[in-house]
Amino acid sequence: MINIAVFASGTGSNFKNLINRKDINANFSLLVCDKKKANVINIANKNNIKTFVFSPKDYQNKEDYENHIIEELEKNNIDLIVLAGYMRILSKKFVKKYENKIINIHPSYLPYYKGAKAITDAYEDGKNIFGVTVHYVNEEVDGGKIIIQEKLENTENLSIEEITEKIHNLEYKLYPYAIKMLLN
Ligand code: GRF
């Protein structure tokens, strides 16, 4: 069976959703997390999923901590890397090594609103373009080939909190779907 590593930095609601799906034919073998206090670590612990937690400041540079990540991935025979709210940019070298084996979920209808504040940016822009995109990761942030995406329209004049909730719910539907598609 395919071994998946999820990379996450925060709450971990996508991580939780993915590991609870019974219809994904893969092992969620490892959580990689760059924040020692992130909630996502509690979710992994409760579900007996191995974690590799590191602090970038304990390393001399990005290459050093990424080498450590690679060691852990190799130890755990990881086949696919799933980014779910991982708030660091992977180096070109790392991305090249795992070409077509890293996917990400982004809370916008790409190529609209790349970057860390996608939902706020979309809301403030007022063009009513919301959505979720699952894509391969290449060296350009939020720029890799799109695997699947869905648009959301704010027809009911929802507040930013309400539209954010809708976007997250769409994520919980699209990410498992995309992963299943790739596994097939
Ligand atoms: C999600 O909105 C995802 O699209 C983005 O980061 C957020 C992570 O949320 N890349 P969570 O930690 O899964 O709750």
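In the block above lies the structure referred to throughout.
Values in this document were obtained by computation on a predicted structure and should not be read as measured data. (Residues numbered from 1 in each chain as written. Predicted model: local features only at pLDDT ≥ 70, side-chain atom pairs only at ≥ 80, totals over all residues. Heavy atoms only, no water.)

A. Region of interest: the nonpolar core. With 42 residues, the main nonpolar core has Phe15, Leu31, Val82 and Tyr175 as its most contacted residues. The element that contributes the greatest number of residues to this core is helix H6 (residues 160–183), accounting for seven residues. Every residue in contact with Phe15, bar those within four places of it in the chain, is listed here: Val6, Leu31, Val40, Ile43, Ala44 and Ile49. Listed in part, the 20 residues of the second largest apolar core include Ala5, Ile70, Leu73 and Leu83. (Core = buried A, V, L, I, M, F, W, Y, C linked by side-chain atoms within 4.5 Å. Buried < 20%, exposed > 50% of the residue type's maximum accessible area, 1.4 Å probe, protein only. Helix = DSSP H or I, 4+ residues; strand = E, 2+ residues; numbered from the N terminus. Contact = heavy atoms within 4.5 Å.)

B. Here's a closer look at the environment of Tyr123. Position of Tyr123 relative to the elements: it lies in helix H5 (residues 118–125). For Tyr123, a relative accessible area of 30% gives the class partly exposed. With residues up to four places along the chain from it excluded, the contact list for Tyr123 reads Phe130, Asn154, Leu158, Ser159, Ile160 and Ile163.

C. Molecular detail of the packing of H5 against H6. Direction vectors running N to C along H5 and H6 enclose 130°, while the axes themselves pass 11 Å from each other. The orientation of H5 relative to H6 falls into the category oblique. As for the relative orientation of H5 and H6, their crossing is right-handed in sense. Every residue of H6 that contacts H5 at Ile119, Thr120 and Tyr123 is listed here: Ile160, Ile163, Thr164 and Ile167. Tallied by class, residues from the contact of H5 with H6 come to five nonpolar, two polar and no charged. (Axes fitted to C-alpha atoms, helices over the stretch in contact; angles between N-to-C directions. Parallel < 35°, antiparallel > 145°, perpendicular 65-115°, else oblique. Left-handed = near helix turned anticlockwise from the far one by under 90°. Nonpolar A, V, L, I, M, F, W, Y, C, P; charged D, E, K, R; others polar.)

D. Summary view of the sheet that holds strand E3 (residues 50–53). Strands sit in the order E3-E2-E1-E4-E5-E6-E7 across an open sheet of seven strands; the sheet is mixed. In this open sheet, the two edge strands, each paired with only one partner strand, are E3 and strand E7 (146–152). Here the average twist between neighbouring strands, direction ignored, is 20°. In this sheet, strand E5 (residues 102–106) lies alongside strand E4 (residues 80–83) in parallel orientation, the contact comprising three bridges. Each residue of the ladder has a partner; that of Ile81, found in E5, is Ile102. In the packing of H6 onto the sheet, contacts are made with strand E1 (2–8), strand E2 (26–33), E4, E5, strand E6 (130–136) and E7, and the angle to E7 comes to roughly 155°. (Pairing = 2+ DSSP bridges.)

E. Here's a closer look at the pairing of E4. Residue alternation in E4 divides its side chains into two sets, Leu80 and Val82 and Ile81 and Leu83, and both sets are buried. Summarising the sheet, E1 and E4 pair through four bridges and their orientation is parallel. When the bridges of E4 are listed, Ala5 appears paired with Ile81.

F. Local environment of the layout of surface pockets. Computed from the structure, the largest pocket encloses a volume of approximately 900 Å³. Forming the boundary of the largest pocket are 39 residues, of which Gly85, Tyr86, Met87, Ile105 and Pro107 lie nearest the centre. For the lining of the largest pocket, the secondary-structure elements that each account for two or more residues are helix H1 (13–19), E5, H5, E6 and H6. The greatest single-element share of the lining of the largest pocket, amounting to five residues, is contributed by H6. (1 Å grid on protein atoms, 1.4 Å probe; cavity = no way out; pocket = protein on both sides within 12 Å on 5 of 7 lines; lining within 4 Å. Points joined across faces, edges and corners; volume = space filled by probe spheres on them.)

G. How the structure looks around unusual backbone geometry. Cis rather than trans, the peptide bond between Leu110 and Pro111 has omega equal to 10°. Inspection of the secondary structure assignment puts Pro111 in the loop between E5 and H5. Although it is not a glycine, Asp142 sits at a positive phi angle of roughly 55°. Inspection of the secondary structure puts Asp142 in the loop between E6 and E7. Look at Asp142 and you get buried, because its relative accessible area is 12%. The phi dihedral of Asn157 falls on the positive side, at around 55°, and the residue is not glycine. Take Asn157: it is sitting in the loop between E7 and H6.

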